[in-house]
Amino acid sequence: MHNRVLFACSSILVLALAASCGGGGNSTTNLPPAEGGGAAGGGAAAPAATATVTGKIAFEGTAPANEKIQMSADPYCQMQNPNAVTELVKVSDGGLENVIVFVKNAPAAAYPTPADPVMIDQKSCHYTPHVFTMQTNQPLKVKNSDATLHNIHAWAEKNTPFNIGQPVQNMETTKTFTTEEVPLPIRCDVHKWMGAFVGVFTHPYHTVSKGGGAYELKLPAGNYEIVAWHEMYGQQTQMVTVAENGKADLNFTFKADAKASD
């Protein structure tokens, strides 16, 4: 009898050890993450982006004047940037700049997370760049190039908001966003005129219109819904089809009298 009890207890102990050493579904939860960055989007490997979509974000009508910014509340800002104006509408060569252009229906894939950080700088009491895009989990480096106090306040709704003070010149802070969000406003609570917008995406198919409203997207072959978003004029969408190694033109037009509703 004693031997049978001892055998039963030994069997139970062996089974318990086996379960704890790899039989459970959560056996890897305490392992460190793999090196080399994560991936966004899930699914198969990211398809090759061999096609190109280019276009212009045209502006029709008279652009509103960008108002002069009153910076007298901070003598340092006033001295560094005495002729500063707002950047709500920036038109050059008939094109609208600072428009976020992106693919709405990107293919489901395991897109690599870029290791290189995106930089937003607080320089001359102004955010540079005013509008930019990045990928989820990509590092965002926040720098204060000014010899005055700034804070960067991310007014996120889908991501975790943050509010960081940077009182020292050349101070840098690195943050990330984990969820797709467009647009995500950024403000400085110390200097109310300072503002920026970021588009956060799970894929790499996004950009911002530059001089003359020009933009370019590198895409895999396919049919896509392209969105163009502007902070004052809202968003427009169009469809485009591109073949492998092919090229397509896709233009948008924003009108001065068609501001987005609040």
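Scoring rules and cut-offs
Residues numbered from 1 in each chain as written. Predicted model: local features only at pLDDT ≥ 70, side-chain atom pairs only at ≥ 80, totals over all residues. Heavy atoms only, no water. Salt bridge = Lys/Arg side-chain N within 4 Å of Asp/Glu carboxyl O. Buried < 20%, exposed > 50% of the residue type's maximum accessible area, 1.4 Å probe, protein only. Helix = DSSP H or I, 4+ residues; strand = E, 2+ residues; numbered from the N terminus. Disulfide = S-S within 2.5 Å. Core = buried A, V, L, I, M, F, W, Y, C linked by side-chain atoms within 4.5 Å. Contact = heavy atoms within 4.5 Å.

Draft legend 1. Summary view of the pattern of salt bridges. Counted by the stated rule, this structure contains three salt bridges. Where E97 meets K90, a salt bridge forms, and the shortest distance between an N and an O atom there is 3.8 Å. The class of K90 is partly exposed, set by a relative accessible area of 36%. Of the charged contacts in the structure, one is a salt bridge between E172 and K141, with a shortest N-O distance of 3.9 Å. Of this pair, E172 sits in strand β14 (residues 171–175) while K141 sits in strand β11 (residues 140–144), and the two are 31 residues apart along the sequence.

Draft legend 2. Representation of the state of the cysteines in the model. Considering all chains together, one arrives at one disulfide under this definition. Two residues share a disulfide in this structure: C77 and C125, whose sulfurs sit 1.9 Å from each other. Classification of the bridge connecting C77 and C125 rests on its S-S torsion, roughly -75°, and on that basis the disulfide is left-handed. Here C125 lies in the loop between β8 (118–122) and β9 (127–128) and C77 lies in helix α2 (residues 75–80), a separation of 48 residues in the sequence. Look at C77 and you get buried, because its relative accessible area is 0%. Free cysteine C188: the closest other cysteine sulfur is in C77, separated by 8.1 Å.

Draft legend 3. The arrangement of the nonpolar core in detail. V53, I57, I226 and F254 are the most contacted members of the largest nonpolar core, which totals 27 residues. Sorting the residues of this core by element identifies β3 (51–60), β6 (100–103), β7 (109–112), β18 (214–219), β19 (222–230), β20 (234–242) and β22 (252–255) as the ones contributing at least two each. A total of four residues in this core trace back to one element, the largest contributor, which is β3. The residues touching V53, leaving out its near neighbours within four places in the chain, are Y215, E216, L217, L219, V240, V242, A248 and L250. Grouped together as the second largest cluster of nonpolar side chains are 26 residues, I69, C77, Y127 and L184 included.

So, to be careful, I would describe these as geometric facts and stop short of saying anything about function.
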